[in-house]
Amino acid sequence: MDTIKIAVREFRENLAGYLESDQPWRSRGHGETLGFYIPAQKRSRTAELEAMRAAAKDLDKMIASWGSTEGELMDEYSRFNALPARRSEVPSKSAGG
């Protein structure tokens, strides 16, 4: 299979599109090959959705095993997120910061 040749500038400007490509390509800069991209086998959208649904079911089971509901977990997260940063995470001014 032939590879598409892509200049570095073009690669930077269109990165997302090239990463979605199902065709191999190589990036070139100053006339030299910098790297190759060989796409992995794509899963269908249906397979991705099924995998996400399965992960959601597993998460629901895990939350239930804790004796909690999704709402309780979200409330706890909101309370935790509202807390000020712990002192160990904030550099001390006296420590040369």
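For the structure, see preceding data.
This text gives an overview of the structure that appears in the document.

**Overview of the overall build of the chain**
Looking only at helices and strands, the chain has four helices and three strands in total. In sequence order, the secondary structure elements of the chain are arranged as β-α-α-β-β-α-α. Buried positions account for 10% of the 97 residues belonging to the chain. Long-range pairs, those at least 24 residues apart, make up 2% of the contacts in the chain with a sequence separation of at least 6. Surface accessibility of the chain: about 8700 Å² in total, with carbon and sulfur atoms responsible for 54%.

**Structural notes on the sheet that holds strand S2 (residues 25-29)**
Pairing within the open sheet is mixed, and its three strands lie in the order S1-S2-S3. Edge positions in the open sheet fall to strand S1 (4-7) and strand S3 (32-37), since each of these has one partner strand only. For this sheet the average axis-to-axis angle between neighbouring strands, irrespective of direction, equals 30°. Two elements, S2 and S3, share five bridges in a ladder whose sense is antiparallel. What sits directly across from tryptophan 25, in S3, is tyrosine 37.

**Some points on the pattern of salt bridges**
Side chains carrying opposite charge are able to pair once their charged atoms draw close together. Counting across every chain of the model gives one salt bridge. A salt bridge links arginine 53 to glutamate 50, with the nearest nitrogen and oxygen atoms 3.0 Å apart. Placement of the pair is arginine 53 and glutamate 50 together in helix H3 (residues 45-65), with a separation of three residues, close to one helical turn. Among the residues examined, glutamate 50 registers a relative accessible area of 44% and is labelled partly exposed.

**Some words on the packing of aromatic side chains**
By convention here, two paired aromatic rings are described through the distance between centres and the angle between planes. What the rule picks out here adds up to three aromatic pairs. Between the aromatic rings of phenylalanine 11 and tryptophan 25, the centroid separation amounts to 5.0 Å while the plane-to-plane angle is 50°, which identifies the pairing as tilted. On the criterion of sequence distance, the pair formed by phenylalanine 11 in helix H1 (residues 8-13) and tryptophan 25 in strand S2 is long-range, its members being 14 residues apart. On the basis of relative accessible area, tryptophan 25 is assigned to the buried category, the value being 4%. For the ring pair tyrosine 18 and tryptophan 25, a centre distance of 5.8 Å and an interplane angle of 55° mean the geometry is tilted. Tryptophan 25 matches tyrosine 18 in its accessibility class, with the two residues each being buried.

**Section: H3**
Here H3 contains 21 residues, and its C-alpha end-to-end distance of 30 Å stays within 8% of the 30 Å for a straight helix at 1.5 Å per residue. At the exit of H3 stands glycine 67, carrying a positive phi of roughly 75°.

**A look at a nonpolar patch on the surface**
There is a patch of nonpolar side chains on the surface, built from Leu59, Met62 and Trp66 and spanning about 320 Å² of accessible area. Mapping leucine 59 onto the fold places it in helix H3.

Reading the values: rules and limits
Residues numbered from 1 in each chain as written. Predicted model: local features only at pLDDT ≥ 70, side-chain atom pairs only at ≥ 80, totals over all residues. Heavy atoms only, no water. Helix = DSSP H or I, 4+ residues; strand = E, 2+ residues; numbered from the N terminus. Buried < 20%, exposed > 50% of the residue type's maximum accessible area, 1.4 Å probe, protein only. Contact = heavy atoms within 4.5 Å. Areas by Shrake-Rupley, 256 points an atom, 1.4 Å probe, with all protein chains shown as cover. Pairing = 2+ DSSP bridges. Axes fitted to C-alpha atoms, helices over the stretch in contact; angles between N-to-C directions. Salt bridge = Lys/Arg side-chain N within 4 Å of Asp/Glu carboxyl O. Phe/Tyr/Trp six-rings, centres within 6.5 Å; stacked < 30°, edge-to-face > 60°. Expected span 1.5 Å × (residues − 1). Patch = residues over 30% accessible without salt bridge, like charges linked within 9 Å, V, L, I, M, F, W, Y side chains within 5 Å.

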